[in-house]
Amino acid sequence: MFGAHSPKDRSFKVVIIGAGFGGLAAAIRLKQKGEHDFVVLERADDVGGVWRDNRYPGCACDVQSHLYSYSFAPNASWSYQFSPQPEILDYLRRCAQNFQILERIQFNTTVRNLHWSEEYGEWIVDTAHGEYRGRYVFAGMGALSDPKIPALKGMGDFKGQIFHSAQWPRDVNLGGKAVCVVGTGASAIQFIPQIQPIVSKLYLFQRTAAWVVKRGDFAIAQNARKRFRRFPWLQRWARLSIYVQRELLAFGFRHPRVMRLVQMQAIRHMHASIKDPALRQKLTPRYTMGCKRILVSDDYYPALAQPNVCVVPSGLERITEHGVVGGDGIERKVDVIIFATGFQVQDLPYSHYIYGRGGKSLADVWQGSPRTLTGTMVSGFPSIFLLHGPNTVLGHTSMIYMLETQVEQALRLMGRAEQLGGAIVEASAEAQKRFVTWVDRKLRGTVWASVGCSSWYMDKTGRNASIWPSYTFIYRSRALNIRPVDYEFRQL
Ligand code: NAP
């Protein structure tokens, strides 16, 4: 690992921000391409990003691990179809170590802001430990990194413990406690079945009932793992077949009527565990499946059917000294409040501290509605590549596919800029406009535009600025088809 950099050696060709799946992919691929002049700035003391931070009980990936991993670092040893968080974190640590990235990472280094210097043709990256400079920046901060807790009346008065699912305290003991959980998204449904057996009472505040389908997880047998190790093509085949099956879901998202078939399966799944008609009524979603992330769980409904669980079909209105008050006005006494209320996607924190040409921030330029070229580049923000940027979020398959595509796109753009003698690369305003128009058109008629659909995918103006509205192979072909007309290359 680096020691502290002296001010003199803080100039790199490439600065990578974040050591999660995106930042590590960028670092590894740069190295594989023979580029060693880079640094990774990471705010925490470990790699892993969201897979380091989210360690609530039951945390696991809801996409099969053979697909939810790097194509250039297959792991034959995944223990389960949907591997648990500690295993994913271990995988990322191993990747950082095996590809010798650890020594390139400056840990505990929070980036405060980035300014583009047109004079020097480089980014000035201000961190808590001083300034770094880079001709190119890979911004791998991610869209789901900063927890969102609603500002509720009475929050400061509460005498018990409050925390967010992504900041689960290491020493918390929920045994015998009355617990309030706010939210019914992908995080909540994973930890609720884990805590339900040990708490005395669990009040679940559900603002919107979610679609939940069968998970069907299973341990991958030792023999199968051995075969994957011995015949790597077998693992590539497994990965491809998961990929193809998942792309079929994108067809459903684009043709909402198809989703009715899956909705029927989900209703049957609920009826298998929930016998009480009143509870079924509360848990039945009122929007077209796919509008929000489809949840996969075999133990969520059985947990909700237990006598110590009470589903309150409303958001939380306010907090008192010893309890919580929902939409029904009833105060329920609780010892602990867990917010599983998601992340700051609608007002991306990094948009407030990345300043491009002319000194404007992304937030100034976007005005509440992010617009990019392929989610990777933004006109007015030269030589910076957003990873997991706007309109690259997926509801049906692995984000790693998108991240790898973005990294590859950035490497190609850098390569072209280098061929031109170290040029500055920027998305053309026209190309960005065409891309945004294409995305908006593609969203029409999809589940995300269906009646009654609202989700964190929507920006402040009601436009869907998060989701990729098509198949992922279409994304790859658009992102990797570097048309000179879409980018401007300027000499210093
Ligand atoms: P989320 O999907 O944003 O869900 C937040 C939940 O909190 C929703 O049920 C929301 O209700 C509710 N909520 C938000 N504000 C509220 C308020 N003021 N009062 C009451 N309820 C409120 O967050 P998440 O579950 O943490 O998941 C976020 C994303 O992380 C997922 O979509 C997924 O992309 C990723 N994730 C992935 C995995 C995985 O296995 N790969 C696992 C966990 C998370 P409404 O629905 O009414 O807004």
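Right above here is the structure, for reference.
Numbers given for residues are sequential positions, taken from 1 along each chain in its written order. At least 70 in pLDDT is required for a residue's local features to be given in this predicted model, at least 80 for side-chain atom pairs to be given and counted, and no such filter applies to totals for whole chains, interfaces and linings, which use all residues. Hydrogens are left out, water is left out, and the side-chain values use all remaining heavy atoms of the structure.

(A) Summary view of the state of the cysteines. In what follows, a disulfide is any cysteine sulfur pair within 2.5 Å. Per the counting criterion, the structure on display carries one disulfide. With a sulfur-sulfur separation of 2.1 Å, Cys291 is cross-linked through a disulfide to Cys453. Here the S-S torsion is close to 90°, and the disulfide linking Cys291 with Cys453 is therefore right-handed. With Cys291 in the loop between α8 (277-283) and β11 (295-296) and Cys453 in the loop between α12 (429-443) and α13 (472-480), this pair connects stretches of sequence that are 162 residues apart. Strands are runs of DSSP state E lasting at least two residues, helices are runs of H or I lasting at least four, and both sets are numbered from the N terminus onward.

(B) A look at the site of the ligand. Nearness is defined per residue: one heavy atom within 4 Å of the molecule or strand is enough. The ligand sits among 23 residues. The nearest are Asp62, Thr184, Ser187, Thr208 and Lys292. In short, Shrake-Rupley with a 1.4 Å probe defines the accessible areas, and a residue's cover is counted only from the protein chains shown. Contact with the protein chains covers 85% of the free accessible surface of the ligand, which is 900 Å². Classification convention: Asp, Glu, Lys, Arg as charged; Ala, Val, Leu, Ile, Met, Phe, Trp, Tyr, Cys, Pro as nonpolar; all other residues, Gly among them, as polar. Split by residue class, the shell around the ligand holds 10 nonpolar, nine polar and four charged. For the domain bounds, the source is a domain assignment made automatically or taken from a database. Structurally, the shell around the ligand is a two-domain feature, drawing no fewer than three residues from each of domain 1 (7-146 + 345-490) and domain 2 (155-218 + 226-236 + 252-339).

(C) Layout of the sheet that holds strand β7 (residues 161-164). If you trace the five strands from one edge of the open sheet to the other, you get β7-β16-β8-β9-β12, paired in parallel fashion. Because the sheet does not close on itself, it has two edges, and the strands there are β7 and β12 (309-312). Between one strand and the next, the sheet's axes are offset by a mean angle of 15°, whatever the strand orientation. Note: strand β9 (residues 201-205) against β12, four bridges, orientation parallel. By the bridge assignment, Leu202 is partnered in β12 with Val309. Contact definition: two residues touch when any of their heavy atoms are within 4.5 Å. For helices, the fitted line uses only the C-alpha atoms of the stretch in contact; every axis is such a line through C-alpha atoms, and the angle between N-to-C directions lies from 0 to 180 degrees. Packing against the sheet, helix α4 (residues 188-195) makes contact with β8 (178-182), β9 and β16 (336-339), and its axis sits at approximately 170° to β8. Two strands qualify as a pair provided DSSP detects at least 2 bridges between them.

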